[in-house]
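Each chain is listed here by its residues.
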Amino acid sequence: MTKKRLLLVEDDELLASLLNFRLTKGGYDVRISRDGRAVKEALAKEIPDIIVSDIMMPYFSGMELIGFVRNDLQSSVPIIIISSAGNEENVLNAFEIGANDFIPKPVSPSELLIRVARLMK
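Rules of the game
- Residues numbered from 1 in each chain as written.
- Predicted model: local features only at pLDDT ≥ 70, side-chain atom pairs only at ≥ 80, totals over all residues.
- Heavy atoms only, no water.
- Helix = DSSP H or I, 4+ residues; strand = E, 2+ residues; numbered from the N terminus.
- Buried < 20%, exposed > 50% of the residue type's maximum accessible area, 1.4 Å probe, protein only.
- Contact = heavy atoms within 4.5 Å.
- Polar contact = N/O pair within 3.5 Å; in protein donor to acceptor, adjacent residues only side chain to side chain.
- Phe/Tyr/Trp six-rings, centres within 6.5 Å; stacked < 30°, edge-to-face > 60°.
- Lys NZ or Arg CZ within 6 Å of the ring centre and 35° of its normal.

S.K.: Describe the environment of D54, with residues and values.
M.R.: Residue placement: D54 occurs in strand β3 (residues 50-54). A relative accessible area of 4% means that D54 is categorised as buried. Between the C-alpha atom of D54 and that of D11, which follows or precedes it by 43 residues, the distance is 7.9 Å. In this structure, D54 is in contact with V9, E10, D11, G62, I82, S83 and K105, ignoring residues within four places of it in sequence. A distance of 3.2 Å separates a polar atom in the side chain of D54 from a polar atom in the side chain of K105.

S.K.: Give me the packing of aromatic side chains: which residues, what numbers.
M.R.: In total, this model carries one aromatic pair according to the counting rule given. Centroid distance F60 to F68: 5.9 Å. Interplanar angle 80°. Geometry classified as edge-to-face. When the ring centre of Y59 is taken as reference, the NZ or CZ atom of R37 above it lies at 3.5 Å.

Here is the structure:
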C-alpha cells in the first residue's frame, strides 16, 4: 500500500519538524514547504493527497494558497489550515474560500493526525 502524500506548509522550523515527525510516524509521506514560493513549485510538480498549511508565511499566505489550489489548479484536495490567527473572521474566511478544516495554534500533533485521517477517508 502506498503512503498518502501530505504537503506541510509551515515556516516555523521547530513546529514543521515536530509535525513532520508525528505525521511520518502516522504513515504519511510528508513534504515540507517553508514559504509561498516553495509551495507553488511543489504544487506545480505534484498535487498531494492533502495539504496542511499555516496562514501567515512569507511570499504567499495560507489564504492565497487556498485560492490558488481551488481556482488556479482546480483541485479539491483537502486543505487543513493551522494558525495562531484563529479569530472568527480568519476561520470563517478560510472556510468560505475552500478550507476543509481549521486548527488553532498551538496545534496538538496527535489531533492533527486524527483530523488528517478523517479527511483522507
